[in-house]
Each structure stands twice: as C-alpha cells, then as structure tokens.
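Structure at a glance
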Amino acid sequence: MNIDRKELINWIKNLDNENLLIFLNTLRISEKTRSLDWWDNLTKLEIEDINQGLEDVANGDTVSSKEFWS
C-alpha cells in the first residue's frame, strides 16, 4: 500500500472532528506503548481471575449474553 504521508498529515492538521482526533491520539499512544506487556502489570488476583475465566470457557461453563442480561 502506497501512503501519501503529506496528504495524511494535511488531512489531520485540518480535522475539526474532536472525536476523531481523540481516536487518532489514542491510537498514537497505543502505538508508543505496544511494546509494554500489560500482562506484566496485572495483580496476582487479576491473573487468577482471567485464568479462572479461561478454564470456565474450556469447560463450557458459560452463559449467553441474553441470559446474562435477563
């Protein structure tokens, strides 16, 4: 894919849509921190909860979204 960076930069410079700017900034921040492994920042309890959830899914111990919300 051939990207015209100047055109993209000019488009961003002229954006008035604040929601889109927030999204692009979030994407920028995410790109800068993608090398950080969020798993390493979890507490022992959070890791245990995630592992329990994965075990529940593996054992078929789940409910549908409809069941959950009713």
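Residues numbered from 1 in each chain as written. Predicted model: local features only at pLDDT ≥ 70, side-chain atom pairs only at ≥ 80, totals over all residues. Heavy atoms only, no water.

Below, the discussion takes up a nonpolar patch on the surface. A cluster of nonpolar side chains, contributed by Met1, Ile3, Leu8, Trp11, Ile12 and Leu21, occupies part of the molecular surface with about 650 Å² of accessible area. No other element matches helix α1 (residues 5-13), which puts 3 residues into the nonpolar patch. Within the secondary structure, Ile12 is located in helix α1. We classify Ile12 as partly exposed; its relative accessible area is 36%. (Patch = residues over 30% accessible without salt bridge, like charges linked within 9 Å, V, L, I, M, F, W, Y side chains within 5 Å. Areas by Shrake-Rupley, 256 points an atom, 1.4 Å probe, with all protein chains shown as cover. Salt bridge = Lys/Arg side-chain N within 4 Å of Asp/Glu carboxyl O. Helix = DSSP H or I, 4+ residues; strand = E, 2+ residues; numbered from the N terminus. Buried < 20%, exposed > 50% of the residue type's maximum accessible area, 1.4 Å probe, protein only.)

This prediction gives the chain a mean pLDDT of 90; 97% of its residues lie at or above 70. Mean pLDDT in the chain bottoms out at helix α2 (residues 18-33), which sits at 89, and peaks at helix α3 (residues 44-58), which reaches 95. (pLDDT = per-residue confidence, 0-100.)

When the terminal C-alpha atoms of α2 are compared, their 23 Å separation across 16 residues agrees well with the 22 Å that a helix rising 1.5 Å per residue should span. Among the residues of α2, the N-terminal cap falls to Asn17, whose side-chain oxygen and the backbone nitrogen of Asn19 are separated by 3.0 Å. (Expected span 1.5 Å × (residues − 1). Polar contact = N/O pair within 3.5 Å; in protein donor to acceptor, adjacent residues only side chain to side chain.)

Enumeration over the complete set of coordinates arrives at 1 aromatic pair. Centroid distance Phe68 to Trp69: 4.9 Å. Interplanar angle 90°. Geometry classified as edge-to-face. (Phe/Tyr/Trp six-rings, centres within 6.5 Å; stacked < 30°, edge-to-face > 60°.)

Mapped onto the fold, Asn19 is located in helix α2. A C-alpha to C-alpha distance of 31 Å links Asn19 and Lys66, two positions 47 residues apart in sequence.

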